[in-house]
Every structure is written in C-alpha cells, then in structure tokens.
Amino acid sequence: MSLRVLDPGIQCTVQAAARDGLRHAGVPACGPADPVSMALANRLVGKPVAAPCLEITFGPACFRFESRTQIALTGARATARVGGVERPFHTTISLKAGDMLELGPASAGARIYLAVSGDLPADPFLGSASTYLPAGFGGHEGRALRKGDHLRIAGIDGLPELETPHALRLPVSASYALRAVEGPDWPPGTHRLTNAVYRVTPRLSRMGAEIDGDFPSFPDAGLKPSAAVFPGTLQVTPQGRGFLLLPDGQTTGGYRHLLQVIRADRHLMGQLRPGDSLRFLMCTQDQAEAALRAKQVLLETWMPDFRL
Amino acid sequence: MSEGAYRIIPCGDDALRILCGAGDIRYQIAHRLGSCDAWPEIIPGKSDLTVAFDPHMETMAAATDRVREALLAGVGGSTHVPRRIELEARFGGGEGPDLAAMAERLGESETRLIEAIEASRLQVDMLGFTPGFAYLAGLGPALISERLRHPRARVAAGSIGLITGQIGLYALDGPGGWPIIGRVTTSLFNRLDADPFLLRPGDEVVILRSAAV
C-alpha cells in the first residue's frame, strides 16, 4: 500500500508525538501544531493518538492512494473530494485502490490532518517521529513532502466507520479567544488586553505567529537575559510587536514574556491564520487548572490515551 | 542567601521559574532537581532556571512545594562537578569567513585574536536558539563584535560565532547571525548517541587550534 503526493500544498509534513525533555539542549517540542485535531484523525482510523499523520498547511493539496485503505480528515475547514465526490471531515473514509483525494483551500483555520489506517513511515529522532524542518530531522527525510513523494504504508482496512462526536469538533473560525495567564514579565498594574483585539499577520510558520495590536509597553524596552520560553509564550519586542510561539519555536528568548496561553487552549494556536482576530482572556492559575481538567475529561471520553 | 530563599515564580500555567541568578548555582539546582525527582523539562537561562511540571499530575502549588523541598535539602552538596572539554578548531579561511574583518576592526592580528580565544576560560552558559546551539561565556571584554547585519541562511555545523562577551557554537547546520571565525573539528552532535549533543550547560570549554593542517 502506498500514498503518492501529487500536490503537497504550501507545506505538508509528517508529525507525530511532541519531542519532549530536550529543551535544555535547544530542541523544541515539534509535533502537530493542533494536537487535538491530529488525535481525532488518528482515532477515526484506529490509531494511537500520536501516530504519525500528515499535517497539511492551508491546502489545496492532492494525494493518490495506490491500494485500498481508510483515512480520516480533521482540522481546518476545507472541502475534500474523492473521485470528484465530496466527503466529510471527521468520519472514517474508505478508499479503493487508485482513489485520489483532493483537498480545497482552507476557508477557516490553517492546518488539516490526514490520518491513514496503516502505518505511515517516519524517521524516529530524539524520541519522536515529528518533522523539525529548521534542522532537517524526523518525519520524511527531515523535510516537507514534495510532489512525487511516495510513502509506503503498511495497509490495514476493514475498520468500523466512525464519526467524531459533535461536542469534540474543533470550532474553526476567523476569530479566537485564547485563555492565558500572566507571564513572568507581565508589567505590574497592567489591566489592558482582555478587551483588546489583536490580529495575526502574514508572518506565520510552525515556529510562531506575529501578532499585531496594542501591547503594554515596558519601561526598559531593551532585551532581558535569555530565559526559557515555550509554545504558547507571547513575546513582545522592543518595537511593541507580539510573537506567539508554536511547537517549532525556539526554546529560550530574550524578549519580554508577556503572557502564556494556558495548556488547555494551546491546540487552538495551530489553526491561527493571517488576518484572524484574536483576544486573550486573562485567567488565574486556578481557572487554568479547572479549564485543563474540564477539557481533558471531555476529550478522554472519546480518546482515553490523549493528554492535552 | 540560602538556596531555600530563592523566589519561585510561575512561568505560565505548567512551569516554574527559580530566580537564582547567573553562575554555577543554576547547574547545581538543575542537577539536584534532575537527580531527585521527575520533571518534564529543566532549562537553564542566563540568570535563572525554569522547570516544567505536568499539570495532569499535580497542581502548581504542589510542584512549587517540590522545588522548595529540593532547594531546602541543599544544592551546594549536589556534587555537580563541571566537565572540562577541549575542542580543536580551525580558524579563518572558508571555515571562519569573518575572522579577518574582525581582526582588522579590532586592530589586532588574526593570530593574536586566536590566542585570546585559546586563553579564555569558557563555560557553557546555556543552550538554546536552535538544537544544541551553545552560548559560551568567559570571553575577554576586548573582543568586541556585533551580530551580522544580514544573517546567513546557512552556517555549517561546528561553526564558532563571536559577539561581544560570548562565543556561540552551532551544533547543526542552520541559519545564523553571528560573525563566524572558525569551526571546531570535534563533532558537537552525534546522531546515534542517547544524549546526542556533546555540550551541556555548565561545561567548561577550551578551544584550541587544531594541530592537523
């Protein structure tokens, strides 16, 4: 069984589990930008939640399956056609040999996840099969997929056809509210932000998203000694620009760490696209813990092995 | 100040920062935390140490208590002895394209500049930026150099970058904005090793001219 890449779109990489435990050596988390969507795709084809998947940025994209298989699509909102017939996201889709999957451009959200029922080959590296493009490791030869790539997949089909419960389908839209806690450099006495609306600029990659808007200014605008940063860290530069770090973001930074998107909401960052509007809902540590528990309980009902 | 007195502040909802200042105390605390308990990440910064905890397993209050207990138990006796690592390097030429210009700007010969680097007692302050990129402190203050105006799209693995007060070692090929003065001949990254990066925070490093021509 194999999958032929006819058009990978703007960027298509193999992603799997996060690459944890090596941030002290400068190795970022990697892994899916939207891990909830990736886990949901895997769930529909009977795979562990962090099994290797294709992460497709924006679309359009096109793949041909050279033997019978089952697939699932989740994430950004786009049309999917097999043999010209529209097929829904969030269901198990059974394909015949030679079927071509055509994905349209995403109309909301940024990343589509394609899971396949067989095993997608991926190079394990430093504890994870996820692709890290800046250093060229993991995934498929450490690089984004190209037109003509041929991925050999150990074929399995005959799985029950499933549907993601509606309560678990990610609401992709052009406007997001991310819950956040104050970062270590939050200026004391700052009350702004909660009502302010920010915008995602075109400077967007798996490393981070530039955010435009009115950020608090810092009395000493310069850099501070570099310290650990994480996916979900919002940094503010001396020029007052915001950078929200994503899974491939650097591990340390010297810009002001204004706020941190809470663990429960970080998966949403993977669907931000240029022009989206964004608000930060500041919350307390207790609220962050409650939010994580609530979302985790909900996701566990359908995916017992998933951890936010 | 006793180790128990360091301030511990939240760094998001699933990490804590220990404000312990610069110096070896960061590595001693990191060693202590790493040897006594499980933490998903322990990350030295330039003047602090950040530890991630698993919010599915414990609250921030419980994680803070664990850090405080470890600090109270004492880190001075953690017997963290810095490793001493000698790296051989070739300076100038294609491997150190910015050496000549730097020497000229400083009004020094290339040889004197290299000797100043060889005589420096360097220490891996921290790693970050890209996988395995090591920030080395301990360079003489007379070696003044700024980041390149136009960063290079690709700097070879092993390259030695120099900006005022610091050396940066590139463990992997990748983009880079530091002026490059040479390249170490020792591999800083060994893909097949369980711990693939040669350098760790706290290591003492000496860079010497390679004897091989």
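Data block above holds the structure.
What counts and what doesn't
- Residues numbered from 1 in each chain as written.
- Chains lettered and ligands numbered in written order.
- Predicted model: local features only at pLDDT ≥ 70, side-chain atom pairs only at ≥ 80, totals over all residues.
- Heavy atoms only, no water.
- Helix = DSSP H or I, 4+ residues; strand = E, 2+ residues; numbered from the N terminus.
- Buried < 20%, exposed > 50% of the residue type's maximum accessible area, 1.4 Å probe, protein only.
- Contact = heavy atoms within 4.5 Å.
- Areas by Shrake-Rupley, 256 points an atom, 1.4 Å probe, with all protein chains shown as cover.
- Lys, Arg positive; Asp, Glu negative; His and termini not counted.
- Charge placed at Lys NZ, Arg CZ, Asp CG, Glu CD.
- Rg over C-alpha atoms; globule rule 2.2 N^0.38 Å.
- Axes fitted to C-alpha atoms, helices over the stretch in contact; angles between N-to-C directions.
- Parallel < 35°, antiparallel > 145°, perpendicular 65-115°, else oblique.
- Left-handed = near helix turned anticlockwise from the far one by under 90°.
- Nonpolar A, V, L, I, M, F, W, Y, C, P; charged D, E, K, R; others polar.
- Buried area = accessible area lost by both parts, 1.4 Å probe.
- Salt bridge = Lys/Arg side-chain N within 4 Å of Asp/Glu carboxyl O.
- Polar contact = N/O pair within 3.5 Å; in protein donor to acceptor, adjacent residues only side chain to side chain.
- Pairing = 2+ DSSP bridges.
- 1 Å grid on protein atoms, 1.4 Å probe; cavity = no way out; pocket = protein on both sides within 12 Å on 5 of 7 lines; lining within 4 Å.
- Points joined across faces, edges and corners; volume = space filled by probe spheres on them.

## Structural notes on the overall build of chain B
The helix and strand inventory of chain B stands at four helices and 13 strands. Principal axes of the C-alpha set define a box for chain B whose edges measure 55 × 35 × 30 Å. Looking at the 213 residues of chain B, the share that counts as buried comes to 52%. Across chain B, every contact between residues at least 6 apart in sequence was considered, and the portion connecting residues at least 24 apart equals 60%. Surface exposure of chain B reaches about 9600 Å², of which carbon and sulfur atoms provide 52%. The average position of the 21 basic charges and that of the 27 acidic charges among the side chains of chain B differ by 4 Å.

## Notes on the overall build of chain A
Each helix and strand counted, chain A has two helices and 20 strands in total. Whereas a compact globule of 308 residues would reach a radius of gyration of roughly 19 Å, chain A reaches 19 Å, a difference of no more than 12%. Viewed in the frame of its principal axes, chain A has a C-alpha envelope of about 65 × 35 × 30 Å. Of all 308 residues assigned to chain A, the portion counted as buried reaches 58%. In chain A, of all internal contacts separated by at least 6 residues, the share reaching a separation of at least 24 is 76%. Working note: accessible area of chain A is about 11500 Å², and carbon and sulfur atoms make up 54% of it. For chain A, the centre of its 32 positive side-chain charges and the centre of its 28 negative side-chain charges are spaced 2 Å apart.

## Some words on the packing of helix H1 (residues 25-36) of chain B against helix H2 (residues 60-72) of chain B
Residue and element names in this part refer to chain B. The interhelical angle for the contact between H1 and H2, taken along N-to-C directions, is 115 degrees, at an axis separation of 10 Å. In terms of orientation, H1 lies roughly perpendicular with respect to H2. For the crossing formed where H1 meets H2, the hand is right-handed. Contacts from Ile 29, Arg 32, Leu 33 and Cys 36 of H1 reach H2 at Val 67, Ala 70 and Leu 71. Tallied by class, residues from the contact of H1 with H2 come to six nonpolar, no polar and one charged.

## Comments concerning the packing of helix H3 (residues 99-106) of chain B against helix H4 (residues 110-118) of chain B
All names here are of chain B. Contact geometry for H3 and H4: axes closest at 9 Å, N-to-C directions at 95 degrees. By the angle between their axes, H3 is roughly perpendicular relative to H4. Between H3 and H4, the contacting residues are Leu 99, Ala 100, Met 102, Ala 103 and Leu 106 on the first element and Glu 110, Leu 113 and Ile 114 on the second. When grouped by side-chain class, the residues that make up the contact of H3 with H4 number seven nonpolar, no polar and one charged.

## Section: the interface of chain B and chain A
The interface is formed by 38 residues belonging to chain B together with 39 residues belonging to chain A. Carbon and sulfur atoms supply 61% of the area buried between chain B and chain A, which totals about 2900 Å² over both sides. On the chain B side of the interface with chain A, the three residues burying the most area are Asp13(B), Glu41(B) and His56(B), jointly 21% of the side's total. Among the salt bridges present, the one from Asp14(B) reaches Arg266(A), with a minimum N-O distance of 2.9 Å. On inspection of chain B and its partner chain A, the count reaches 13 residue pairs in polar contact (both at pLDDT 80 or more).

## Some words on the pattern of salt bridges
Between side chains of opposite charge, a pair can form when the charged atoms approach closely. In total, this model carries 33 salt bridges over all chains according to the counting rule given. With a shortest N-O distance of 2.9 Å, Arg143(A) and Asp149(A) are connected by a salt bridge. Accessibility assignment for this pair places Arg143(A) and Asp149(A) in one class, buried. Glu204(B) is paired through a salt bridge with Arg121(B); the nearest N and O atoms lie 3.5 Å apart.

## Observations regarding the sheet that holds strand E4 (residues 49-52) of chain B
All names here are of chain B. Pairing is antiparallel across the open sheet formed by four strands, whose spatial order is E1-E2-E4-E3. A strand with exactly one partner marks an edge of an open sheet, and here the two such strands are strand E1 (7-10) and strand E3 (41-44). Averaged over all adjacent pairs, the angle separating strand axes in this sheet is 20 degrees, with direction ignored. Pairing between E3 and E4: four bridges, direction antiparallel.

## Re the side chain of Asn42(A)
Residues and elements named next belong to chain A. Within the secondary structure layout, Asn 42 lies in helix H1 (residues 35-44). Classification of Asn 42 as buried rests on a relative accessible area of 0%. Within polar-contact distance, the side chain of Asn 42 engages the backbone oxygen of Ala 51 at 3.0 Å. Discounting residues that sit within four places of it in the chain, Asn 42 has contacts with Lys 47, Pro 48, Val 49, Ala 50, Ala 51, Pro 52, Cys 53 and Ala 115.

## Remarks on the layout of surface pockets
Roughly 1200 Å³ of internal volume is contained in the largest pocket. As for the largest pocket, its lining consists of 36 residues, and the residues nearest its centre are Gln235(A), Gln250(A), Thr252(A), Tyr255(A) and Phe129(B). Listed by contribution, the elements that provide at least two residues to the lining of the largest pocket are strand E13 (198-204), strand E14 (208-212), strand E17 (242-245) and strand E18 (252-253) of chain A together with strand E11 (174-176) of chain B. Its residues placed into classes, the lining of the largest pocket shows 16 nonpolar, 14 polar and six charged. Taken as a whole, the second largest pocket spans an internal volume of roughly 970 Å³. Every residue lining the second largest pocket is counted, 34 residues in all, and those nearest its centre are Ala18(A), Asp20(A), Arg263(A), Arg307(A) and Leu308(A). Ranked by the residues each element gives to the lining of the second largest pocket, the list is headed by H1(A), at three residues.

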